[in-house]
Amino acid sequence: MPLPLPEMQVDGEPKRLQSPTRKLVLLIIFCLAQFLDGVNNTSLLSALPALDNSMGMTSSQSTWVISAFQLTFASFLLISGRISDVYDPKTAFIGGVSGICVVSICSGFVDGKIPIIICRALCGIASAMTIPSAFSLIINVFPDPLQQAKAIGIFGGCGAVAGVVGLLIGAMFVEWVSYHWVFWFSAIVAAPVALAGVVLIPPPQVAETTDSLEPTAAKWKSLDLVGVSILTIAIILFIFAVTSGSTDGWASAMVLAPLIISILMMVAFFYWETLIPVENAAIPPRTWFYNNFSVLVVVGLLPYFWW
């Protein structure tokens, strides 16, 4: 979970003096990024038949148009959180939203099977950069616990709303114009969000922080690249197996082999986390002993397994 950054300033004033209006605008910016991630995940479900007909995709190929985004989004979410913790969440957030804008524009002009899957994978990486950084920025913009809880609740709710609205957006664009506008819609929303973020998101006061005095090599080492790499590969293999099961058959070697390997690698990841210093661990073992944390993880996964 992203840790709060040092005190942030706007025009030389501490963050506690930021106006309620500016806080509200910042929350809208963060929520729009969360909204974009949800829309990018579900909007193509409605547009997939039109896209398949246009590009002549088979059922297994069209599956990867959806899965490519989900796979990279899930795989890079952890490392993006660590980058946001160790470096600057404002830069990570703006970079992620800008990446969504650029990749979405390119996706709208792509007419090939492989390029569209690659673009979807890149969009997943960009989207993964926005969630932990936005969460960290919300914590800093809303230091009051009550306001912070409300802001985080609204932020999370936008993702759920986007999952439903994305289906409608995709259907409307396919019906009234073309599936290309499903991608361009994301770019149209992402561009002003990125520009507003550059202007309005307060920069961290890094001059007096301990992290800012660490050399770049020390920061890079603290990312727990070994653990994150193990978990990333495990997630990729797991999603590949689950996605391929419906088309290749659950008893096939192409499904069982990556599924078993992914489970073993997840076990290896959690063992690795016990061997390194707690402050460098991507997911410290003590995380699972927080009150109700394990229960919330299971409950959160249930809707996705059902879907």
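Residues numbered from 1 in each chain as written. Predicted model: local features only at pLDDT ≥ 70, side-chain atom pairs only at ≥ 80, totals over all residues. Heavy atoms only, no water.

Chemist: Can you explain the overall build of the protein? Please cite residues and give values.
Modeler: Looking only at helices and strands, the protein has eleven helices and two strands in total. Tracing the protein from N to C terminus, the helices and strands come up as β-β-α-α-α-α-α-α-α-α-α-α-α. For the protein, buried positions account for 45% of its 307 residues. For the protein, long-range pairs separated by at least 24 residues make up 80% of all intrachain contacts whose partners lie at least 6 apart in sequence. With an accessible surface of roughly 15,500 Å², the protein has 73% of that area assigned to carbon and sulfur atoms. (Helix = DSSP H or I, 4+ residues; strand = E, 2+ residues; numbered from the N terminus. Buried < 20%, exposed > 50% of the residue type's maximum accessible area, 1.4 Å probe, protein only. Contact = heavy atoms within 4.5 Å. Areas by Shrake-Rupley, 256 points an atom, 1.4 Å probe, with all protein chains shown as cover.)

Chemist: Break down the confidence of the model for the protein for me, citing the residues and quoting the values.
Modeler: Low-pLDDT stretches of the model should not have their predicted coordinates read in fine detail. Predicted confidence across the protein gives a mean pLDDT of 81, with 86% of residues reaching 70 or more. This stretch, residues 1-17, has a pLDDT under 50; its non-local contacts, to residues over four places away or in other chains, come to 41 contacts. Low pLDDT, under 50, characterises residues 206-213; the stretch is placed with five contacts to residues that sit more than four places away or in other chains. (pLDDT = per-residue confidence, 0-100.)

Chemist: Run through helix H6 (residues 180-200), naming residues and quoting values.
Modeler: Compared with an ideal rise of 1.5 Å per residue, which puts 21 residues at 30 Å, H6 spans 31 Å between its outermost C-alpha atoms and is within 8% of the ideal. On its buried side, H6 packs onto helix H1 (20-55), helix H3 (89-109), helix H4 (113-141) and helix H5 (145-176). (Expected span 1.5 Å × (residues − 1).)

Chemist: Could you give an account of the state of the cysteines, naming the residues involved and the relevant values?
Modeler: All chains considered together, the criterion is met by zero disulfides. In this model Cys-119 remains outside any disulfide bridge; the closest cysteine sulfur is found in Cys-106, 5.9 Å from its own. A relative accessible area of 11% means that Cys-119 is categorised as buried. (Disulfide = S-S within 2.5 Å.)

Chemist: Help me get a handle on the side chain of Asn-140, residues and values and all.
Modeler: Mapped onto the elements of the fold, Asn-140 is located in helix H4. Here Ser-136 takes part through its backbone oxygen, which lies 2.7 Å from a polar atom of the side chain of Asn-140. (Polar contact = N/O pair within 3.5 Å; in protein donor to acceptor, adjacent residues only side chain to side chain.)

Chemist: Residues and numbers for the nonpolar core, please.
Modeler: Within soluble globular proteins, side chains that are nonpolar tend to cluster in buried spots. With 52 residues, the main nonpolar core has Phe-30, Leu-44, Leu-51 and Phe-93 as its most contacted residues. Top element by residues in this core is H1. It accounts for 14 residues. Not counting residues within four places of it along the chain, the set of residues in contact with Phe-93 comprises Ile-29, Phe-30, Ala-33, Met-129, Thr-130, Ser-133, Ala-134, Leu-137, Val-193 and Ile-201. If you look at the next biggest cluster of nonpolar residues, it comprises nine residues, including Ile-230, Ala-234, Ile-235 and Ile-239. (Core = buried A, V, L, I, M, F, W, Y, C linked by side-chain atoms within 4.5 Å.)

Chemist: Tell me about the side chain of Ser-186, residues and numbers included.
Modeler: Along the chain, Ser-186 turns up in helix H6. At a separation of 2.8 Å, a polar atom in the side chain of Ser-186 contacts the side chain of Asn-40. If near-sequence neighbours (up to four positions away) are discounted, Ser-186 is found in contact with Leu-36, Asn-40 and Ser-104.

Chemist: Tell me about the UniProt feature "transmembrane region" (unreviewed entry) in the protein, and name the residues and values.
Modeler: The UniProt feature table records "transmembrane region" (unreviewed entry) at residues 62-79, 91-110, 116-139, 151-173, 179-201, 222-243, 249-272 and 288-306. Split by type, residues 179-201 is 91% helix and 0% strand. Its first and last C-alpha atoms lie 33 Å apart. Note that residues 249-272 is 83% helix and 0% strand, and that its end C-alpha atoms are spaced 33 Å apart. (UniProt positions renumbered as here; feature names shortened; annotations may be inferred.)

Chemist: Summarise the environment of Ile-236; cite the residues concerned and give the values.
Modeler: Within the secondary structure layout, Ile-236 lies in helix H9 (residues 225-248). When its relative accessible area of 30% is taken as the criterion, Ile-236 is described as partly exposed. Spatially, the C-alpha atoms of Ile-236 and Leu-71 are 6.0 Å apart, while their sequence positions differ by 165 residues. Excluding residues that lie within four positions of it along the chain, Ile-236 makes contacts with Leu-71 and Ser-75.

Chemist: Describe H3, with residues and values.
Modeler: With 21 residues, H3 extends 31 Å between its outermost C-alpha atoms, agreeing within 8% with the 30 Å of an ideal straight helix rising 1.5 Å per residue. Capping the start of H3 is the job of one residue whose side-chain oxygen sits 3.0 Å from the backbone nitrogen of Lys-90: Asp-88.

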